[in-house]
Amino acid sequence: MTGTLYVVATPIGNMGDISARAIEVLTAVDLIAAEDTRHSGRLLGHFQITTPLVAYHDHGAEAQGERIFAALDAGKDVALISDAGTPLVSDPGYRLVRSARLKAYKVVPLPGACAAITALSAAGLPSDRFCFEGFLPAKQSQRRKALEGLLTETRTLIFYEAPHRIVATLDDLCEVFGAAREVTLARELSKTYETILSGSLGELVLQVSSDPNQQKGEMVLVVRGFDGVVESAQAMEEQRVLSLLLADLPVKQAATLAAKITGGQRNALYKMALALKQDSQAGA
Ligand code: SAM
């Protein structure tokens, strides 16, 4: 019989957040596949777990995957962990878990900490529908493009961000989504300097850029979704042009033309056009 692949969430800061079941499984398995064996060695040391560790990354995953599958084939149980939180969530593991499922190995997930969900649970923003966007591109032009594509996303948006980019990203969010959009910045969750700031994008740009302490540590941004009101100059122009075109043209054509006229993104304009059309029909 083949072994089981356990996908085990570990703490995102506070060691007390590990589950009793995670300790039990990490102690009992034959092998632990970790993103960084030195980092995970410290976690395991804290809980006096002596299970052997092997490195696993998604890149170059073929060879590393082979070692893990060889262990599973030999009937050994393997646990996958990442440096912090839930594996596969902006962390390695996707290729391994996908292969394991395609090859019909048993995959057992152990729920636990995840920074995105922890931030959402305290943000005070709509949590009935949300989308996790992971890290935005590091380059400003690509980041702006990505944000423009999300301008009319109505679900609450969750981003991971690095401390050295937080001011630039807040600036871009403010520019693209408008200064009035609500945002929560959740920093150092479950750690000593845990800080959760909420306000408008305009307020947070000022607060974070003027306080170097708010630019430190690990952070999650939770941004309210689009509610039909656009604020930035570019977005206002896009909405103005679209509204005019929608009076005479079908949605797709209006979005294509508006993209050509304003230089905006066709997909985003298409979504905005649908929202505007819905609004006008609801108001009719
Ligand atoms: N797999 C992890 C999870 O389940 O949340 C995420 C790993 S990702 C490589 C690391 C990013 O998650 C950080 O850059 C930060 O954006 C976010 N993060 C992780 N721990 C955090 C914490 N304690 N407080 C705030 N954000 C955190």
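Residues numbered from 1 in each chain as written. Predicted model: local features only at pLDDT ≥ 70, side-chain atom pairs only at ≥ 80, totals over all residues. Heavy atoms only, no water.

K.L.:
Tell me about the site of the ligand, and name the residues and values.
P.N.:
Residues in contact with the ligand amount to 19 residues; listed here are only the nearest, V89, D91, A115, Y160 and M219. Within the backbone of I12, an N or O atom sits 2.9 Å from a nitrogen atom of the ligand. Look at the ligand: alone it shows 570 Å² of surface, and the protein chains cover 90% of it. Applying the majority rule of atoms within 2 Å of the grid points places the ligand in the largest pocket. Among the elements of the structure, β7 (156–161) and β10 (219–223) are those that each provide at least two residues to the shell around the ligand. Split into classes, the residues belonging to the shell around the ligand amount to eleven nonpolar, three polar and five charged. Three or more residues apiece are contributed to the shell around the ligand by two domains, here domain 1 (4–113) and domain 2 (116–226). (Near = heavy atom within 4 Å. Polar contact = N/O pair within 3.5 Å; in protein donor to acceptor, adjacent residues only side chain to side chain. Areas by Shrake-Rupley, 256 points an atom, 1.4 Å probe, with all protein chains shown as cover. 1 Å grid on protein atoms, 1.4 Å probe; cavity = no way out; pocket = protein on both sides within 12 Å on 5 of 7 lines; lining within 4 Å. Sits in = over half its atoms within 2 Å of the grid points. Helix = DSSP H or I, 4+ residues; strand = E, 2+ residues; numbered from the N terminus. Nonpolar A, V, L, I, M, F, W, Y, C, P; charged D, E, K, R; others polar. Domains from an automatic or database assignment.)

K.L.:
Quick one: what's the story with helix α2 (residues 37–46), residue by residue and with numbers?
P.N.:
Taken together, the buried positions of α2 are occupied by S40, L43 and L44. Mapping the buried residues of α2 onto a view down its axis gives an arc of 95°, with all of them on the same face. Turned more than 90 degrees from where α2 packs its buried face, R38 and R42 sit exposed. Residues of α2 that are buried make contact with α1 (20–28), β2 (31–34), β3 (53–55) and β4 (78–81). The N-cap residue of α2 is D36: its side-chain oxygen and the backbone nitrogen of R38 are 3.0 Å apart. Just downstream of α2 lies Q48, where phi reads positive at about 50°. (Buried < 20%, exposed > 50% of the residue type's maximum accessible area, 1.4 Å probe, protein only. Arc of directions from axis to C-beta. Contact = heavy atoms within 4.5 Å.)

K.L.:
Before we move on, could you go through the sheet that holds β10 and cite the residues and values that matter?
P.N.:
A sheet is described by the order of its strands in space; here five strands give the open sequence β6-β7-β10-β8-β9, paired in mixed fashion. With partners counted over all chains shown, the strands left at the sheet margins are β6 (130–135) and β9 (195–200), one partner each. Taking the axes of each pair of neighbouring strands and ignoring which way they run, one obtains an average angle of 15° across the sheet. As paired elements, β6 and β7 share five bridges and run parallel to each other. Paired with C131 across the two strands is L157, which belongs to β7. Relative to the sheet, helix α7 (residues 166–177) contacts β7, β8 (182–187) and β10, its axis offset from that of β10 by approximately 5°. (Pairing = 2+ DSSP bridges. Axes fitted to C-alpha atoms, helices over the stretch in contact; angles between N-to-C directions.)

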